[in-house]
Amino acid sequence: MEADPADDLVAIWRSKHGERFQNYRAKFTILNIGTVSRVWIDAVRAGDPLHASAPAAWRKWIENGVYERLTAEPTIEYRTREEQQPAAGRDESLVQCVYGYFKDNPHGFEHCAARLAGLMDPNVKIDMVTRTSVDGGRDAIGTYRVGPLADRIALDFALEAKCYAPENGVGVKDLSRLISRLRYRPFGILITTLFLGHEAYQELRSDRHPVVVIAGADIAGILVKAGLGTPEAVREWLTA
């Protein structure tokens, strides 16, 4: 999918403690240029970026505004435990704040997970967080809206939330329970405060089950992107 030049630099408004402030989000694209010649580099330094030696992808972008982006096929189909865990420091403190808030009430994390899914993507709509006594492992159900605003469709999904201690990951048994509920739903979302175990993750991707994994590192990223980059801000959000 081609990048929209209008999204290269976007002003974003946030609010904190009742006051609004503005940040900027920039997107950069690496063009599909295999080798850059010294001749062209010298020409750029001399003020002639459209010299005859200029790479074709660069010239196409400058003259026509069309991207030819450098792409690469993923070599790893599933993330390691370390890649799923939040980075030490700020990210770890944010996830620890969430875990600490729900460690004595893990079922309360189901509502938090539903809110996190909505923060991750505004197209996510949670229809219902199921009751603790009858949820049978399916903690929430919702829809994901796709298509133009004038003609959208909603894809059903099931969400499962696991508020686990730092040393515990989600295993095959927990994952199987979610997968079994996807028979009549296009996909599922698994949200955990830590990570999905190696065997479970490998099985998930090898069998191509349509499950989105939101691990500890992802939770930290969602919170930071939403302007909740400190434990104090996260606690305020949790109690709102």
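Residues numbered from 1 in each chain as written. Predicted model: local features only at pLDDT ≥ 70, side-chain atom pairs only at ≥ 80, totals over all residues. Heavy atoms only, no water.

Let's shift gears to the packing of helix α4 (residues 90–102) against helix α8 (residues 216–225). The interhelical angle for the contact between α4 and α8, taken along N-to-C directions, is 95 degrees, at an axis separation of 9 Å. In terms of orientation, α4 and α8 fall into the roughly perpendicular class. Residues Arg90, Asp91, Leu94, Val95 and Val98 of α4 lie in contact with α8, whose contacting residues are Gly216, Ile219, Ala220, Leu223 and Val224. When grouped by side-chain class, the residues that make up the contact of α4 with α8 number 7 nonpolar, 1 polar and 2 charged. (Axes fitted to C-alpha atoms, helices over the stretch in contact; angles between N-to-C directions. Helix = DSSP H or I, 4+ residues; strand = E, 2+ residues; numbered from the N terminus. Parallel < 35°, antiparallel > 145°, perpendicular 65-115°, else oblique. Contact = heavy atoms within 4.5 Å. Nonpolar A, V, L, I, M, F, W, Y, C, P; charged D, E, K, R; others polar.)

Next up on the list: the pairing of strand β1 (residues 9–16). Alignment of β1 against strand β2 (residues 19–26), held across 8 bridges, turns out to be antiparallel. Within the sheet, the bridge partner assigned to Ser15 lies in β2 and is Arg20. Hairpin remark: β1 followed by β2, antiparallel, with 2 residues in the connecting loop; positive phi at His17, about 55 degrees. (Pairing = 2+ DSSP bridges.)

We now examine the nonpolar core. Nonpolar side chains in soluble globular proteins tend to end up buried together. Counting residues in each nonpolar core, the largest one holds 31 residues, and the members touching the most others are Phe109, Leu116, Leu159, Ile191 and Leu223. Breaking this core down by element, the ones donating at least two residues are α4, α5 (109–120), β5 (153–162), β6 (187–192), α8 and α9 (231–239). One finds Leu175, Ile179, Leu196 and Val211 within the second-largest nonpolar core, a separate group that totals 13 residues. (Core = buried A, V, L, I, M, F, W, Y, C linked by side-chain atoms within 4.5 Å. Buried < 20%, exposed > 50% of the residue type's maximum accessible area, 1.4 Å probe, protein only.)

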